[in-house]
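Breakdown of the fold
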Amino acid sequence: MNNIVLCGFMGCGKTTVGRNLARKTGRKFVDMDAYIEHEAGMCVSEIFEEYGESGFRDREHEACLALAEMSNLVIASGGGALTFEQNVAAFRGKDNIVLLDVPLRDIKLRLKNDTKRPLLQRPDRDRAMEELYNRRLPLYRAAADITVRGESSPLKTAYAVIDALEKKKNKPV
Ligand code: S3P
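On a predicted model such as this, the values are computed, not experimentally measured, just so you know.

The next subject is the overall build of the chain. The helix and strand inventory of the chain stands at seven helices and five strands. The order of helices and strands in the chain, counted from the N terminus, is β-α-β-α-α-β-α-β-α-α-β-α. Against the globule reference of 16 Å for 173 residues, the chain gives a C-alpha radius of gyration of 15 Å, in line with a compact fold. C-alpha extents for the chain along the principal axes are approximately 45 × 35 × 25 Å. Restricting the contact set of the chain to residue pairs at least 6 apart, pairs at least 24 apart contribute 72%. Carbon and sulfur atoms provide 51% of the accessible area of the chain, an area that totals close to 9200 Å². Charge-centre separation for the chain: the mean point of 28 positive side chains lies 7 Å from the mean point of 25 negative side chains.

The structure is reproduced here in structure tokens:
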């Protein structure tokens, strides 16, 4: 079975929806950030601190290449991963890329107290998030084979992804 790759902004629910989706579709769940952390032996914020964002992006690209070689996975990508064409290219055509689309106001609420994500640890968090969200949304849309709204519960969203993938399969290509 091909992989299902969830993409979307930080806090859109890729990990929680992904776990549900894996359970319901009989796939193995892989969180890309956890994969990177395991390979590096450091957590994401330590990688950012030690090697900068570009050091993290290099590791992220390696993770995309490695995961794209595997099958039968649900992959929760990192929020930046599929904004890079070389990472999209690793999965495109072979795997199903699904955008979890959540409005910025919900994302802001969900990430209000976040202390883990290096890109959000700044005094102007709201403004930075807005700018990044607006810049990234068209890139996610371009990368995704299908888009599913992600405001409701992780389980409901997982079912919505399954429905959307079924419909896509039934459509003549
Ligand atoms: C990032 C999102 C994070 C993580 C890293 C960078 C981003 O993943 O990969 O902090 O650039 O949006 P989540 O989307 O799982 O928070």
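Before going further, it helps to spend a moment on the packing of aromatic side chains. Two descriptors summarise a pair of aromatic rings, namely the distance from one centre to the other and the angle between the planes of the rings. Inspection of the entire model under this criterion finds two aromatic pairs. Each ring, one from Phe-9 and one from Tyr-133, has its centre 5.4 Å from the other, and the planes form 65°; the classification is edge-to-face. A residue pair is termed long-range when its members are at least 10 positions apart, and Phe-9 in the loop between strand E1 (4–7) and helix H1 (14–25) and Tyr-133 in helix H6 (residues 125–143) qualify at 124 residues. Each member of the pair, Phe-9 together with Tyr-133, is buried. Where Phe-48 meets Phe-56, the ring centres are 5.0 Å apart and the plane angle is 35°; that geometry is what we call tilted. Given a relative accessible area of 4%, Phe-56 falls into the buried group. Against the face of Tyr-51 rests Arg-59, its NZ or CZ located 4.2 Å from the ring centre.

The computed volume of the largest pocket comes to approximately 580 Å³. Together, 29 residues line the largest pocket, and Met-10, Asp-33, Val-44, Gly-78 and Arg-117 are the ones closest to its centre. Mapped onto the lining of the largest pocket, the elements with two or more residues apiece are H1, helix H2 (32–40) and helix H3 (44–68). Counting residues per element, the lining of the largest pocket draws most heavily on H3, which supplies six residues. For the lining of the largest pocket, the class distribution of residues is 10 nonpolar, nine polar and 10 charged.

By the definition in use, this model includes one cavity of 30 Å³ or more. By volume, the largest cavity amounts to about 30 Å³. What lines the largest cavity is simply Gly-8, Phe-9, Cys-12, Leu-99, Leu-100, Asp-101, Val-102, Tyr-133, Leu-137 and Tyr-140. At the level of secondary structure, the elements contributing two or more residues to the lining of the largest cavity comprise strand E4 (96–101) and H6. Its residues assigned to classes, the lining of the largest cavity shows eight nonpolar, one polar and one charged.

A few words on the environment of Ala-164. Among the structural elements, Ala-164 can be located in helix H7 (residues 154–170). Taking the C-alpha atoms as reference points, Ala-164 and Val-98, separated by 66 residues in sequence, lie 9.4 Å from one another. In contact with Ala-164, not counting residues within four places along its chain, are Ile-146 and Val-148.

The environment of the ligand is formed by 13 residues, the closest being Lys-14, Asp-33, Arg-57, Arg-117 and Arg-136. A distance of 2.7 Å separates an oxygen atom of the ligand from a polar side-chain atom of Arg-57. Protein chains bury 94% of the 390 Å² of accessible surface belonging to the ligand in isolation. Comparing atom positions with the cavity grids shows the ligand to sit within the largest pocket.

The rules behind the values
- Residues numbered from 1 in each chain as written.
- Predicted model: local features only at pLDDT ≥ 70, side-chain atom pairs only at ≥ 80, totals over all residues.
- Heavy atoms only, no water.
- Helix = DSSP H or I, 4+ residues; strand = E, 2+ residues; numbered from the N terminus.
- Rg over C-alpha atoms; globule rule 2.2 N^0.38 Å.
- Contact = heavy atoms within 4.5 Å.
- Areas by Shrake-Rupley, 256 points an atom, 1.4 Å probe, with all protein chains shown as cover.
- Lys, Arg positive; Asp, Glu negative; His and termini not counted.
- Charge placed at Lys NZ, Arg CZ, Asp CG, Glu CD.
- Phe/Tyr/Trp six-rings, centres within 6.5 Å; stacked < 30°, edge-to-face > 60°.
- Buried < 20%, exposed > 50% of the residue type's maximum accessible area, 1.4 Å probe, protein only.
- Lys NZ or Arg CZ within 6 Å of the ring centre and 35° of its normal.
- 1 Å grid on protein atoms, 1.4 Å probe; cavity = no way out; pocket = protein on both sides within 12 Å on 5 of 7 lines; lining within 4 Å.
- Points joined across faces, edges and corners; volume = space filled by probe spheres on them.
- Nonpolar A, V, L, I, M, F, W, Y, C, P; charged D, E, K, R; others polar.
- Near = heavy atom within 4 Å.
- Polar contact = N/O pair within 3.5 Å; in protein donor to acceptor, adjacent residues only side chain to side chain.
- Sits in = over half its atoms within 2 Å of the grid points.

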